[in-house]
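# Geometric and topological summary
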Amino acid sequence: MAIEAVRGDITRQEVDAIVNAANQGLAGGGGVDGAIHRAAGRAQLRAACEALGGCATGDAKATPGFNLAAQWIIHAVGPRWRGGGHGEAELLASCYRRSLVVAAELGARSIAFPAISTGIYGYPAAEAASVAVSTLRSTLASTPLGIELVRLVAFDDATFERYRELLAAPGPLSP
Ligand code: AR6
């Protein structure tokens, strides 16, 4: 089992499942959501998302990956940042946990995550990276999911460096 960080575009990742930073309506949008809809094929992905009937904040639901290399897209709905006192960290942690569980239920062995909530939803990037790494480590250490590779895909250098620092620090799954 490995958690790794790369700098890049999540739509290009050759893994079993990629995670989307979606909204409650699963209605498509900007940021990574827009990039995933373009790369997967807008019409097909929109139809598959509509059939799911929305998704609560902190939860995740899957569609096929259509034109992507990834077989599945796990649509996770992160919290909007409202200052940090409104359960944002727990909701963000829940996105990472639920995405792993949904991917594992589909039989995925590798999964790539974007930095959920850190764009349009305004979650401070360094804090979101800490939540991501600690939640992934604790979930993977406590639950047998059959997932062998988790890749954190940073779209900017600062996020990438933050992931590298966190992954280098001691934790249950550090090398
Ligand atoms: N690959 C990897 N990361 C990316 C990519 C990409 N191609 N494009 C952007 N990012 P955001 P949110 C990074 O705004 O904050 C949408 O409209 C980006 O730099 O995509 O959860 C949804 O429909 C940032 O670090 O998602 C929702 O309405 C991170 O992805 C809302 O935005 C997340 O930024 C969700 O907002």
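You'll find the structure just up there.
For clarity, every value in this text was computed on a predicted model and none was experimentally measured.

Cut-offs and rules
- Residues numbered from 1 in each chain as written.
- Predicted model: local features only at pLDDT ≥ 70, side-chain atom pairs only at ≥ 80, totals over all residues.
- Heavy atoms only, no water.
- Salt bridge = Lys/Arg side-chain N within 4 Å of Asp/Glu carboxyl O.
- Helix = DSSP H or I, 4+ residues; strand = E, 2+ residues; numbered from the N terminus.
- Buried < 20%, exposed > 50% of the residue type's maximum accessible area, 1.4 Å probe, protein only.
- Core = buried A, V, L, I, M, F, W, Y, C linked by side-chain atoms within 4.5 Å.
- Arc of directions from axis to C-beta.
- Near = heavy atom within 4 Å.
- Polar contact = N/O pair within 3.5 Å; in protein donor to acceptor, adjacent residues only side chain to side chain.
- Areas by Shrake-Rupley, 256 points an atom, 1.4 Å probe, with all protein chains shown as cover.
- Nonpolar A, V, L, I, M, F, W, Y, C, P; charged D, E, K, R; others polar.
- Contact = heavy atoms within 4.5 Å.

## A look at the pattern of salt bridges
Counting across every chain of the model gives 7 salt bridges. Between Glu4 and Arg151 there is a salt bridge, with its nearest N and O atoms 2.6 Å apart. Of this pair, Glu4 sits in strand β1 (residues 2-7) while Arg151 sits in strand β6 (residues 149-154), placing them 147 residues apart in sequence. Overall, the relative accessible area of 29% leaves Glu4 in the partly exposed class. We classify Arg151 as buried; its relative accessible area is 15%. Note that Arg7 is salt-bridged to Asp157, the shortest N-O span being 2.4 Å. With Arg7 in strand β1 and Asp157 in helix α5 (residues 157-168), this pair connects stretches of sequence that are 150 residues apart. Residue classification places Arg7 among the partly exposed residues on the basis of a relative accessible area of 46%.

## A short note on the nonpolar core
Considering soluble globular proteins, one finds that nonpolar side chains tend to be buried as a cluster. Within the largest apolar cluster, 37 residues are counted, with the highest numbers of intra-cluster contacts made by Leu100, Ile111, Phe113, Leu136, Ile147, Val150 and Leu152. Secondary structure elements with two or more residues in this core: β1, β2 (17-22), β4 (72-77), α3 (88-105), β5 (110-113), α4 (125-142), β6 and α5. With 8 residues, α3 is the single largest residue contributor to this core. Counting 17 residues, the second largest nonpolar core, distinct from the first, contains Ile18, Ala22, Cys55 and Ala70.

## Digging into helix α1 (residues 31-40)
Within the sequence span of α1, burial applies to Asp33, Gly34, Ile36, His37 and Ala40. In a view along the axis of α1, the buried residues occupy a sector of 165°, so they form one face of it. Exposed residues pointing more than 90 degrees away from the buried face of α1 are listed as Gly31 and Arg38.

## Structural notes on the site of the ligand
Residues in contact with the ligand amount to 21 residues; listed here are only the nearest, Asn23, Val32, Asp33, Thr118 and Ile120. The contact in question runs from a nitrogen atom of the ligand to an N or O atom on the backbone of Ile10, over 2.9 Å. At a separation of 2.6 Å, an oxygen atom of the ligand approaches a polar side-chain atom of Asp33. When the ligand is considered free in solution it has 700 Å² of accessible area, and contact with the protein chains removes 90% of it. At 4 residues, α1 tops the list of elements feeding residues into the shell around the ligand. Considered class by class, the residues forming the shell around the ligand number 10 nonpolar, 9 polar and 2 charged.

## Here we look at the side chain of His37
Among the structural elements, His37 can be located in helix α1. Here His37 falls in the buried class, since its relative accessible area comes to 7%. If we skip the residues at most four places from it in the chain, His37 touches Gly28, Arg42, Leu45, Arg46 and Cys49.

## Let's talk about helix α2 (residues 42-50)
For α2, the set of buried residues is Leu45, Ala48 and Cys49. Along the axis of α2, the buried residues cluster in a sector spanning 100°; they form a single face. Facing away from the buried side of α2 by over 90 degrees, the exposed positions are Ala43 and Glu50. Contacts from the buried residues of α2 go to α1, β3 (60-64) and β4.

## Let's talk about the environment of Gly107
The residue Gly107 is located in the loop between α3 and β5 in this model. Residue Gly107 is classed as partly exposed on the basis of its relative accessible area, which comes to 45%. In the structure, Gly107 is positioned 79 residues away from Gly28 in sequence and 25 Å away in space, judged by C-alpha atoms.

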